Amino acid sequence: MTDDPYPTLFRASLSELAAATAFLTRLPATWLGVASDRRPDFTVAARAFPGVGLIVGLVGAIALLLAHALGLPLLASAAVSLAATIALTGALHEDGLADTADGFGGGTTATRKLEIMRDSRIGTFGAVALVLSLLLRATLLANLLPYGAWPVATALVGAEIVSRAAIVHLWAALPPARFEGLASATGRPSRDTSLTAIAIAVVAALVCGAIGTGIFPVVVALVVAGLVTYAFQFLCASQIAGQTGDTLGAAQQIALVAYLIAIVAAT
């Protein structure tokens, strides 16, 4: 007999999800009971990032629907949802968006841009980027609430899933812009890992669409989020000749907003 509650074939996937969740949220690596003493290999484990998006999206959707059920205004309900997801992730991606906006907007050379991105203080470009991101996300979710619980919940879950795949794509597509920092230290995902994450995200988003908003809006949102992610990849290559942990967080935020904009526009 063994105390292990999980079958051997299932355990590896749970270990990857636990490692990915600990990397992207405030949940501990032990939350699924499959923690390992070994350092996670993110050349493979990054394919579980869409699963983290599923968890974050579900938390945000539940908070949104509960707030709405309590009679809060649409925009306030959306704000509660944002607060729940940010609390879970520790504002990790929002911080990356702000730092990236400050660096790309304030620096004149790649070296200077990277220096600004390492500064913990927020500047004008970062503040504007954060305000715009939060405002867009809140208003877009509020706009979807009148369509019903399933459309808004599945749109949010799909957006969180797809935006985590955007992280993996950018991480795998570009070399590190600097050789220190969290993103560089954890290893770079392989192309196969990136493609697996994208495939998981696409299938999950289509399932969300079948349940809630419909397939057509999701297909439009996937195309828009993909194009925006590729555009941001080229921007990173031209600005700093690579990626950092900050740009990975920015990629998540940009893909998330792009996905929600497309969903609302196509619904």
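What comes next is a walk through the structure. Bear in mind the structure is a predicted one, so any value in this text is a computation, not a measurement.

Before going further, it helps to spend a moment on the overall build of the protein. The number of helices and strands found in the protein is twelve helices and zero strands. For the protein, the α and β elements follow one another from N to C terminus as α-α-α-α-α-α-α-α-α-α-α-α. Since a compact globule built from 267 residues should have a radius of gyration of about 18 Å, the 18 Å found for the protein is in line with a globular shape. If you line up the protein on its principal axes, its C-alpha atoms span 60 × 50 × 30 Å. The buried share among the 267 residues of the protein stands at 49%. Across the protein, contacts joining residues at least 24 apart in sequence account for 76% of those joining residues at least 6 apart. Carbon together with sulfur atoms contributes 68% to the accessible area of the protein, which is approximately 12,200 Å² in total. Distance between charge centroids for the protein: 4 Å, based on 14 positive and 15 negative side chains.

Contact geometry for helix α11 (residues 215-240) and helix α12 (residues 245-266): axes closest at 8 Å, N-to-C directions at 150°. When the interaxial angle is binned, α11 and α12 end up roughly antiparallel. The two elements α11 and α12 meet at a crossing, and its hand is right-handed. Here the contact of α11 with α12 is composed, by residue class, of 21 nonpolar, two polar and no charged.

Time to look at the side chain of Gln-252. Counting through the fold element by element, Gln-252 comes out in helix α12. Accessibility expressed as a relative area gives 1% for Gln-252, which makes it buried. Setting aside its immediate chain neighbours within four residues, Gln-252 contacts His-93, Glu-160, Ser-163, Arg-164 and Ile-167.

Relative to the elements of secondary structure, Tyr-259 occurs in helix α12. Its relative accessible area of 0% is what places Tyr-259 among the buried residues. For the pair Tyr-259 and Gly-60, spaced 199 residues apart in sequence, the C-alpha to C-alpha distance is 16 Å. For Tyr-259, the contacting residues outside a window of four places in its chain are Ala-155, Gly-158, Ala-159, Val-162, Ala-205, Val-218, Ala-221, Leu-222 and Ala-225.

Inspection of the entire model under this criterion finds three aromatic pairs. Between Phe-23 and Phe-49 the ring centres are 6.0 Å apart and the planes differ by 25°, which places this aromatic pair in the stacked class. Within this pair, whereas Phe-23 is found in helix α1 (residues 8-24), its partner Phe-49 is found in helix α3 (residues 49-69), the two being separated by 26 residues in sequence. For the pair Phe-23 and Phe-49, one class covers both residues: buried. Grouped by ring-pair contacts, the aromatic residues Phe-23, Phe-49 and Trp-171 constitute a single cluster.

This brings us to unusual backbone geometry. Positive phi, close to 55°, is recorded for Ala-91, a residue that is not glycine. Of note, Ala-241 is a non-glycine position whose phi angle comes to about 60°, a positive value. Looking at the secondary structure, you find Ala-241 in the loop between α11 and α12. Residue Ala-241 is classed as exposed on the basis of its relative accessible area of 54%.

Under the counting rule described, the total for this entry stands at five salt bridges. Between Arg-112 and Glu-115 there is a salt bridge whose closest N-O contact spans 3.3 Å. Of this pair, Arg-112 and Glu-115 both sit in helix α6 (residues 110-118), three residues apart, which is roughly one turn of the helix. Glu-115 gets classed as partly exposed once you look at its relative accessible area, which sits at 45%.

Procedures and definitions
Residues numbered from 1 in each chain as written. Predicted model: local features only at pLDDT ≥ 70, side-chain atom pairs only at ≥ 80, totals over all residues. Heavy atoms only, no water. Helix = DSSP H or I, 4+ residues; strand = E, 2+ residues; numbered from the N terminus. Rg over C-alpha atoms; globule rule 2.2 N^0.38 Å. Buried < 20%, exposed > 50% of the residue type's maximum accessible area, 1.4 Å probe, protein only. Contact = heavy atoms within 4.5 Å. Areas by Shrake-Rupley, 256 points an atom, 1.4 Å probe, with all protein chains shown as cover. Lys, Arg positive; Asp, Glu negative; His and termini not counted. Charge placed at Lys NZ, Arg CZ, Asp CG, Glu CD. Axes fitted to C-alpha atoms, helices over the stretch in contact; angles between N-to-C directions. Parallel < 35°, antiparallel > 145°, perpendicular 65-115°, else oblique. Left-handed = near helix turned anticlockwise from the far one by under 90°. Nonpolar A, V, L, I, M, F, W, Y, C, P; charged D, E, K, R; others polar. Phe/Tyr/Trp six-rings, centres within 6.5 Å; stacked < 30°, edge-to-face > 60°. Salt bridge = Lys/Arg side-chain N within 4 Å of Asp/Glu carboxyl O.

Such coordinate-based values are descriptive only and should not be taken to indicate function.
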